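Okay, here's what each chain looks like letter by letter:
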Amino acid sequence: MKSSSNQRQMLKHDLRAKIILTLNQIQEGESLSSVLEQQLMSVNERDRGLFHELTLGTLRQWYALKTIALPLIKHPIDNNVFHAGLYLGLYQLIYTRIPAHAAISETVQAIKQLNLDHFSPVINAILREYTRNEDSFKQTVQDAHGLPSWLYKRLKNNWPEHIQDICQNLRLAAPITLRVNHSAISRNEYLAFLAKENIDATTGMLSDQAIHLSTPYPITKLPGFNEGLFSVQDEHAQLCQTLQPQLDDKLVIDACAAPGGKTTHILEHYSPKKIIALDQSEQRLLRVQSNLERLQLDHKNIEIICADATTWQSYEPVDCIILDAPCSATGVIRRHPDIRLLRKPSDIEDVVQLQHNILNHMWQQLKEGGYLVYVTCSILKIENEQQMQTFFSSHDNAIEQKIAATWGIEQQYGRQLLPTQSGGDGFFYCVIQKVSN
Ligand SMILES: C[S@@+](CC[C@H](N)C(=O)[O-])C[C@H]1O[C@@H](n2cnc3c(N)ncnc32)[C@H](O)[C@@H]1O
């Protein structure tokens, strides 16, 4: 469905029909971030919270719901809208306080509204069957790993001792974590602002700038948003700053910079001679600029360049490169639950090759004695420890600076953080120094 006709269709539909159409778009390969805003705009303001919760929640539990849905479907039905409706119905029954009769009748009604009347008796029957054996179905859903099987196998192979925690944690909603703007205000001062507004929050244990909100809150309505007193950034992502050398008066490249989480963090701590925020996405680079402006870091020596990091050449050797590489994003599935449906095994091989190309090219821009910090938000070893093994085996002029930290899991090269229940996402870090051959 093309976007303008899709928009007209959406306006006519009730909330659950709109959610089913959104889930259908994801099944057809569109990313949640590309469709969510437009779909939310078609929903009454008072229903937006529910739209958000039901859409993201259903995606988060998609494969777990599938484990109970498939055996309940007597004859295979090859229709994405049907499956989206069924999973939405089950999600409401299992994970929300919506009374069962309302969840069932609204979902069946939505299927009819989408001109799939012939499926409504099947959905009605399956949802009612669920309610008759609720306890056993709930147990099955709880025990499910909740991932596409190819990804589950790879993660189990990589992390046999952690696989259960990984699967369960990836099914939770991620906390909203703020990074207090160190150059503008202290964490304690900002916590006092939150307390004054009765916004419950706790401090992060690993990053001294992190604050976790106890319940979701509209970000732009938090105190000091327009004044740039904080950014939204996962706590494990904030650790990047602790791994950088001293960057005052240095030439720094943030090689995959958009939307600027790492660039702005550097500028909150240092005054580099120059920092180049490089990214190949013009659209995403606009957000680097707006984040710099909001955080009032714009006056610092910064250049924003739209270019491909596999070919871009620096005009002089660089002191430090932050390479927050494009990756499978398997460490942040909690925040982007559509990844469960969208990611394919072949994407992993492609992104590993891209990381390899960017890393090898950016390495040539680094001066002797300089540092490269390699980062991903992946929990697959092929993008992390194994990518580093390949790199070190082919670069005699690279030595690892071991990360002396208590967080994460030490790897042959680098440290891996896995997603934690109420803390950070999955991240990998490795610090590499360039030495003479
Ligand atoms: C993980 S995100 C970076 C997040 C960012 N460092 C932050 O902290 O906000 C990866 C980025 O790599 C960019 N990218 C992907 N391929 C690239 C390439 N060949 N050259 C430059 N940037 C690329 C993407 O556009 C994306 O913005």
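These notes cover the structure that comes with them. Predicted, not measured: the structure shown is a model, and the values here were computed from it.

Analysis parameters
Residues numbered from 1 in each chain as written. Predicted model: local features only at pLDDT ≥ 70, side-chain atom pairs only at ≥ 80, totals over all residues. Heavy atoms only, no water. Buried < 20%, exposed > 50% of the residue type's maximum accessible area, 1.4 Å probe, protein only. Helix = DSSP H or I, 4+ residues; strand = E, 2+ residues; numbered from the N terminus. Pairing = 2+ DSSP bridges. Right-handed = clockwise from strand over helix to strand, strands pointing away. Axes fitted to C-alpha atoms, helices over the stretch in contact; angles between N-to-C directions. Contact = heavy atoms within 4.5 Å. 1 Å grid on protein atoms, 1.4 Å probe; cavity = no way out; pocket = protein on both sides within 12 Å on 5 of 7 lines; lining within 4 Å. Points joined across faces, edges and corners; volume = space filled by probe spheres on them.

## Topic: the pairing of strand β5 (residues 251-254)
Regular strands have side chains that alternate between both faces of the sheet.
Consideration 1: Alternating positions in β5 separate into two faces, Leu251 and Ile253 on one and Val252 and Asp254 on the other, with burial throughout.
Consideration 2: With four bridges joining them, β5 and strand β6 (residues 274-279) adopt parallel strand pairing. The partner of Ile253 across the bridge, within β6, is Ile276.
Consideration 3: Once the chain exits β5 it traverses helix α14 (residues 261-269) before rejoining the sheet at β6, and the crossover so formed is right-handed.
Consideration 4: By the bridge criterion, three bridges tie β5 to strand β8 (residues 318-324) in an arrangement that is parallel. The partner of Ile253 across the bridge, within β8, is Ile321.

## A word on the sheet that holds strand β2 (residues 201-203)
Sheet strands line up and pair through hydrogen bonds in the backbone, either parallel or antiparallel.
Consideration 1: One open sheet accounts for four strands, arranged β2-β3-β1-β4; its pairing is antiparallel. Edge positions in the open sheet fall to β2 and β4 (230-232), since each of these has one partner strand only. The sheet shows a mean angle of 30° between the axes of neighbouring strands, direction not considered.
Consideration 2: With three bridges connecting them, β2 and strand β3 (residues 210-213) associate as antiparallel partners. The residue of β3 that forms the bridge with Thr202 is His212.
Consideration 3: Where α14 meets the sheet, its contacts fall on β1 (176-180) and β4, and the angle it forms with β1 comes to roughly 35°.

## Re the environment of Asn291
Consideration 1: Structurally, Asn291 is set in helix α15 (residues 282-294).
Consideration 2: Each C-alpha atom, one on Asn291 and one on Gly228, is 8.4 Å from the other, the two residues being 63 residues apart in sequence.
Consideration 3: Once residues within four sequence positions are removed from consideration, Asn291 is found in contact with Pro259 and Thr264.

## Considerations on unusual backbone geometry
Consideration 1: Of note, the bond from Ala258 into Pro259 is cis; its omega dihedral lies within 30 degrees of zero at 5°.
Consideration 2: For Pro259, the position within the fold is in the loop between β5 and α14.
Consideration 3: Despite not being glycine, Asn115 has its phi angle at roughly 60°, a positive value.
Consideration 4: Within the secondary structure layout, Asn115 lies in the loop between α7 (100-113) and α8 (120-132).
Consideration 5: Classification of Asn115 by relative accessible area gives exposed; the value is 65%.
Consideration 6: Residue Asn198 is not a glycine yet carries a positive backbone phi of 60°.
Consideration 7: Position of Asn198 relative to the elements: it lies in the loop between α12 (187-196) and β2.

## Concerning the layout of surface pockets
Consideration 1: There is about 200 Å³ of room inside the second largest pocket.
Consideration 2: Along the wall of the second largest pocket there are 13 residues; nearest its centre are Gln27, Trp62, Lys66, Asn80 and Leu341.
Consideration 3: Of all the secondary-structure elements, those providing two or more residues to the lining of the second largest pocket are α2 (15-27), α5 (62-72), α6 (80-95) and α16 (339-342).
Consideration 4: Considering each element in turn, the lining of the second largest pocket owes the most residues, four residues, to α5.

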